[in-house]
Each structure stands twice: as structure tokens, then as C-alpha cells.
Number of protein chains: 2
Amino acid sequence: MVRIKDVAKAAGVAPSTVSLVLNKKGYVSVATRKKVEAAMAELNYIPSEVARNLSLSRTNTIGVVMPSAAHPFFGEVIEALEAALYEQHYKMVLCCTHDNGETERNFVDMLKRRTMDGIIMGAHSLDVSLYDNIKQPIVAFDRFINNDIPIIHCDHEYGGRLAAEAFLQHKCHHLVEIIGHHAVKSPANAYHRVCAELLQAHGIKVDTIERPWNEVSYQSFLTVANRLFTVYPDVDAILGSDLSVSACLQVAKSKGLRAPQDIRMVAYDGTLVTQMGLEPITAIRQPVRDLAKLAVQKVIERIEGKEIDGPWMIKPQLLRGTTC
Amino acid sequence: MVRIKDVAKAAGVAPSTVSLVLNKKGYVSVATRKKVEAAMAELNYIPSEVARNLSLSRTNTIGVVMPSAAHPFFGEVIEALEAALYEQHYKMVLCCTHDNGETERNFVDMLKRRTMDGIIMGAHSLDVSLYDNIKQPIVAFDRFINNDIPIIHCDHEYGGRLAAEAFLQHKCHHLVEIIGHHAVKSPANAYHRVCAELLQAHGIKVDTIERPWNEVSYQSFLTVANRLFTVYPDVDAILGSDLSVSACLQVAKSKGLRAPQDIRMVAYDGTLVTQMGLEPITAIRQPVRDLAKLAVQKVIERIEGKEIDGPWMIKPQLLRGTTC
DNA sequence: ATGAAAGCGCTAACAC
DNA sequence: GTGTTAGCGCTTTCAT
């Protein structure tokens, strides 16, 4: 391994000088710069980033915690975060919790060990006390953690309103909402609340059905969809996440129901899933790229010592499909 | 910040002793261990991983390079790799290249700077010379790079055979294969070749249609699907990746074609996408978790200095749907 | 404009 | 068993 001092020796200068040309800092005469650069090329020198990190107490790495990478929505989020981080010259280390508390704990430990300069937290753990004594910058992605941790999310109340407006363009009598497990404290719950309120104000009956904790197979979405139609046979409007609604559409079709004539459906998230079936599902699209950019910008501001407040929100958008 | 020497001072011992208890190495009397542990707790000591990394010349981090995280297949792969790495106490830093050579180059640079102990490379770059002078361990994931870099992949020839067998259970006359861009050198091309050969041996006509480079929107899959039906109106069998076939199914339905009576389709990969539409698509499922585990095992063996050979393959599996 | 030297926080060889 | 000490490779202040 060739070190900075090897380059210095070869170039006949001091290590500090090499460091200066390496980082394009300070004043170095053109002549010595040339010598140093020649020596670096000659020796095929590559600086050790770890040594640099230790010296600077900064790793240019930020940790991203998500429930899963295989889920279409989180896959998109991860992609967008990685791109935004890359643009700011940060590396992303990814942790998928699979809704497992221990995984999350371990990851937060890594953060504490200063492997990373900051964290973007998008998982839904149950134990929020994990985050009590952390000095490093954290921002939460669509998730409440505590009052010290700023949160970036989509304007879900507005999303709920968009969904309600879509439903109200048709005659519905009974909306069923497929909601996440009640233990998950997410700002996203707001869209269900708002949509329910608006429809109830128009005399529409609203029921909810809850998804099991930590079940991610598509089969489990089909199970819930089937239960929905069994428990509420007169349902004529459904609101839920992309996968939930996709499964409902599948079940509805198998029962010979047509959308939007017999039943209306709005999917929340608007990932690929809603575009991919035999008909495009009407969806509320979360502005994933913008959310990711904002989250990245905010962690970095915190890393750089700026005081930031939050929360921050971005409005979602209606993607008109054929199901509502 | 509290350092190891602070703990040492507080406990009345030497830093090296603290290091020993920290790493559960060597022999430390129970009494001093207790003292040290008390001091660590008292001071709320958290070791710096960066310093440790520098000292050990090892980061316990490995880089994963994939074309995208938003794509269902790569999302699954990333998830599986992360889980496998986590189990081995490795962190994953993720790079999505978006088929962009510069991104990849930058990432390989990071590797050279020894930020990471190794790389799992699953992207399809065009410039393979990038990998010429790398000392760190690399394994390729479903991708040919060069003869020095071992490769892990699914047994695609077997996959092609499975697909052919599925088609041959029906009467087909004209298979169209949707293939990736010709610049991508992937072992996965084998399944197209093998399936084509087997069907041609039965007198079935085979054509191919090539996907554009670096187009990832679902819209682009629909475009290709539409072109397929325009160019080959008598097509009655289609083989392609999940998204390609999903788009074809959508177009076929819109033309009133029924599967498998009028047209047969087999999707390669077998992600969520094939389960999600209105009918399950018959698919060749890549054993993603096993591939990921194997890839992780092999990079780690290389990191630990073991000589490994490769290539390694794992057999795919037929998922019977209703489309063939 | 360049060099000497101290430090970033930890590990490990060696001495006691 | 425990302490001393010399690294790991880079950055940066302070002289010159």
C-alpha cells in the first residue's frame, strides 16, 4: 500500500504538501504541484478514505433505514434517496428492518459509533425510546419519532381530500378503508381519516379493515381483500395502499364486479403497481423524488450544524386511472 | 466525545486493557473487567468505528452496485443481499448506476479508496476496463465482467429449458422473445437462446424484439409490447422479463386475446409483478435469496483471503400461473 | 510556499 | 493479567 508519505518522499516534499494538492487547498507552487502529481501517478497512489474520515471526524455516509427494499414503494424511496445523496457526494448505507426491532437497534448503534454522519429513518419501529440519546442528525421519513426529530412527509390530509373528491364524483354508499396495523404511527394515517370524514359528511358509510403486523407477501394482501368482500358484501368503494387495492381489484374482478361501475377504488402511493395490472388504478401519487431530495437536504443541513425546524410536507397528486 | 483513554483513566487501567474488554479478547481479570465496564457505562462510552477501521484496515462494509432499486427484481435482490450481509455483520453501501457509466466509475473509485472491503457488482456497464486494476474482492452478480472476477448467477440455461417445456405443452407456432439491449452482457441471455433452440427444434418460428437501452418506465414496456403485436400479428407465445410480459398481457387483453388459449406467456424472474395482475403469470422464478446468500458468502471468503473459483449457479423454478 | 509535528481514536506486539 | 508504545494514514496548525 502506498501512503501519503511515500508520495512525499518520491516527490521530495513533505506529506502536508501532498495533502494540500490532494485536497486542492492552500497555496502550492505550480512546480511542486506538478512534481507531486507526477509522483502520485507514478506510484498509483490512492488515498485512504478511512484515515481521512478519522482525521476529519466525518464519513460522508448517511444511513437509510426502511422496512424493506423489496416493497415497490420503499424501493422507489431508496432509489430516490440514493440518487439525492449521491448528488451531494454522500454514500448511503442501507438497513432494512423488516419491522424487526432488533435490526433497528443494531443499526442505531452503528450510527452512534459514528460510522455515519446522519440517518434518514423511514421504518416503523415500536420502540421509539431508541432515539432518546442520539447526538447525530436524524430526520424521519414519513414517520413520527419524537419531538426532537424533524419529519418529512407527503401532505396526507390533502391526499385524503383528493381521494374523497375522486370518490364523490361517483355515487358510493359504502367505503371500506384498508389501513395499516394500528401500532404504526405514521403521518399517512391522516389520509384515511380525512377521506372518511369527507365521505361521512355526505352520508356515506365508512368501515375500516386492518392489515396484520409485519405481513408482506402478496398472498396476505389477497387474504385481506377476500376478507373485506366477505365482511362487507355491499362495499362499493375501497381506499388503501397500492398493493391492498391491487389485491382488491383482483378479487373484485373474480367476482365479476366492474370498476368503476360496480365498485370504485383509489390506491394510495401510486407506484408502478397501479400502472401494471390490466387497467391502471386511480391513485394518489406520493412525490417520492421530491420527498427524498428534501430529506437529504435536511439531514445534510443538520450535519453541517444548521438549525432546522420542520415538519416539512409536499403535496401528492391524483393519477387518474380507470377504477374511480 | 469520550475516548478509550478517558475510560482507561476513569477505570484506573491502560487503554489497551479497555480495548481488550471491548473486544472480549485476551485475558482480563473479572475485577478489572467490572471496573472497566462500570467506567464505560458511567461515561456513556461509545467506541469510534472509524478509528477501529483504520487500525484494522477493514471496514466491515461491502458495496453493492445495482442498476436500480425501484425495479422489482433488483429491489428483491437488494433486500436479500442486505439481509445476508447483515447476518454476517457487514454493512451494505448501495450504489444505483441507472446504467450510467460515470456513476459506476465513481463507485469503483470509492472501493479503491478502501471505504469498503469488497463489492458485489450487479450492474451492466459498458466499460469493463474499470475493473482492471482492482485489488479488492469483487464478485459479479449475474454479470460477466472479466475472467478474474467470479460470477454468481441463476442457471439460465435450465430456466430456458423450463420455459420451453411450458410452451411445448401447448400448440404454439410463433414465439417472440423480448430481449434486453444487445450491449448488456448477461448470463441471463442464455435462457432466450436455449428456449429458442428448443422451440425451433419443434418447428416453431422464433423472433426477437430488443428493448431500448436504459429505459425503465413502465410506459416503455407498453411501447415495446405494442410494437411486438404490430410487427408480429400472428404471435402466439411470448417470453420476456416480468415487466415485459406484464405489459404484453395488458396489450393482449385489450385486443381481446385470452391466455393461454390464444396466446401463451412466460415471464422470467418471477417477482411480485407476476402475482399481482388480474391473473398470475406463469413464470420462471430466480432464487433470489439463495443467490444473494451465495454472493455474500463468496465476497466474504475473498475478503478473508480464501481462494475461490466459481462460477456458481443455482437452478430457477417454474411458477405455474394461468398464462401458459 | 513548504515543512515539522501533533493529533484523530483505536489495536496489538511486547515487556513486565 | 496489565501497561507501554508504536503504529493505522491522513489533516492541520504553526513555524519558517
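Sequence order as written defines residue numbering, which begins from 1 separately in each chain. Starting at A for chains and at 1 for ligands, labels are handed out in the order in which the entities are written. For a predicted model such as this one, the threshold for reporting local features is a pLDDT of at least 70, and the threshold for listing and counting side-chain atom pairs is 80 or more; totals across whole chains, interfaces and linings nevertheless cover every residue. Only heavy atoms go into the side-chain values, all of them from the structure, while hydrogens and water stay out.

Undergrad: How should the pairing of strand 5 (residues 151–154) of chain B be read in this particular structure?
TA: Strand residues, when the strand is regular, have side chains that alternate between the two faces of the sheet. All names here are of chain B. Burial along strand 5 is two-sided: Ile151 and His153 and Ile152 and Cys154, pointing in opposite directions, are all buried. Strand pairing is assigned whenever DSSP identifies at least 2 bridges connecting the two strands. Each helix corresponds to a stretch of at least 4 residues labelled H or I by DSSP, and each strand to a stretch of at least 2 residues labelled E; elements are numbered beginning at the N terminus. Pairing analysis gives two bridges linking strand 4 (residues 138–141) to strand 5, with the strands arranged parallel. Residue pairing in the sheet places phenylalanine 141 in a bridge with isoleucine 152 of strand 5. Pairing of strand 5 with strand 11 (residues 312–314), which is carried by three bridges, proceeds in the parallel orientation. By the bridge assignment, isoleucine 152 is partnered in strand 11 with tryptophan 312. Relative accessible area decides the class of each residue, using a 1.4 Å probe on protein chains only: under 20% of the type maximum gives buried, over 50% gives exposed, and in between gives partly exposed.

Undergrad: Got a minute to help me understand the protein's contact with DNA strand D in this structure?
TA: Residues are classed as near a molecule or strand on a simple rule: at least one heavy atom within 4 Å of it. The environment of DNA strand D is formed by 25 residues, the closest being Ile4, Tyr45 and Arg52 of chain A together with Ala14 and Thr32 of chain B. Take the atoms of DNA strand D that sit within 4 Å of the protein: sugar and phosphate atoms are 71% of them. Counted as a polar contact is a pair of N or O atoms within 3.5 Å, where, for protein atoms, one must be capable of donating a hydrogen and the other of accepting one, and residues adjacent in sequence contribute only when both atoms are in side chains. Within the backbone of isoleucine 4 of chain A, one N or O atom sits 2.5 Å away from a phosphate oxygen of DNA strand D. The backbone of alanine 14 of chain B places a nitrogen or oxygen atom 2.7 Å from a phosphate oxygen of DNA strand D. Where the surface near DNA strand D is concerned, the elements lending two or more residues are helix 2 (15–22) and helix 4 (49–56) of chain A together with helix 2 (15–23) and helix 4 (49–56) of chain B. Along the lines of polarity and charge, the residues of the surface near DNA strand D split into 11 nonpolar, 11 polar and three charged. Classes in brief: Ala, Val, Leu, Ile, Met, Phe, Trp, Tyr, Cys and Pro nonpolar; Asp, Glu, Lys and Arg charged; the others, Gly included, polar.

Undergrad: Would you take a moment to explain the sheet that holds strand 7 (residues 205–210) of chain A for this structure?
TA: Two modes of strand pairing occur in sheets, parallel and antiparallel, and in both the strands are linked by backbone hydrogen bonds. Residue and element names in this part refer to chain A. Spatially, 7-6-8-9-10-12 is the arrangement adopted by the six strands of the open sheet, whose pairing is mixed. In this open sheet, the two edge strands, each paired with only one partner strand, are strand 7 and strand 12 (317–319). For this sheet, the mean inter-axis angle between neighbouring strands, taken without regard to orientation, is 20 degrees. The pairing of strand 9 (residues 264–269) with strand 10 (residues 283–285) spans three bridges and is parallel. Residue pairing for strand 10: tyrosine 268 is matched across the bridge by isoleucine 284. To get an axis, a line is fitted to the C-alpha atoms, and for a helix only the part in contact is used. The angle between two axes follows their N-to-C directions and goes from 0 to 180 degrees.

Undergrad: What is the right way to read helix 8 (residues 189–200) of chain A from this model?
TA: Three- or four-residue spacings in an α-helix give side chains the same orientation, since the helix completes a turn every 3.6 residues. Residue and element names in this part refer to chain A. Given a helix with a known number of residues, its expected span is that number minus one, times 1.5 Å. Across its 12 residues, helix 8 extends 17 Å between first and last C-alpha, which sits within 8% of the 16 Å expected from 1.5 Å per residue. Buried residues of helix 8: Ala190, Tyr191, His192, Val194, Cys195, Ala196 and Leu199, and no others. Against helix 7 (156–168), strand 6 (174–179), strand 7, strand 8 (237–241) and strand 9 lie the buried residues of helix 8. Residue contacts follow a heavy-atom distance rule, with two residues in contact if any of their heavy atoms lie within 4.5 Å.

Undergrad: What is the right way to look at the interface of chain A and chain B in this model?
TA: With 48 residues of chain A at the interface, the matching set in chain B holds 48 residues. Note on terms: buried area is the combined drop in 1.4 Å-probe accessible area of two parts once they are placed together, counting the loss on both. For chain A, the biggest contributors to the area lost against chain B are Arg114, Met276 and Leu278 of chain A; these three give 16% of the whole. Within this document, salt bridges are pairs made up of a side-chain nitrogen of Lys or Arg and a carboxyl oxygen of Asp or Glu, the two lying within 4 Å of each other. Our count for the chain A to chain B interface comes out at zero salt bridges. The tally of links between chain A and chain B comes to 26 residue pairs in polar contact (both at pLDDT 80 or more). For the side of chain A that touches chain B, the per-class residue count stands at 25 nonpolar, 13 polar and 10 charged.

Undergrad: What exactly am I supposed to notice about the UniProt feature "domain: HTH lacI-type" (unreviewed entry) in chain A here?
TA: UniProt tags residues 2–56 of chain A as "domain: HTH lacI-type" (unreviewed entry). Secondary structure across residues 2–56 of chain A comprises 69% helix and 0% strand; the distance between its end C-alpha atoms is 21 Å. UniProt positions are given in the numbering used here, feature names are shortened, and annotations may be inferred rather than shown by experiment.

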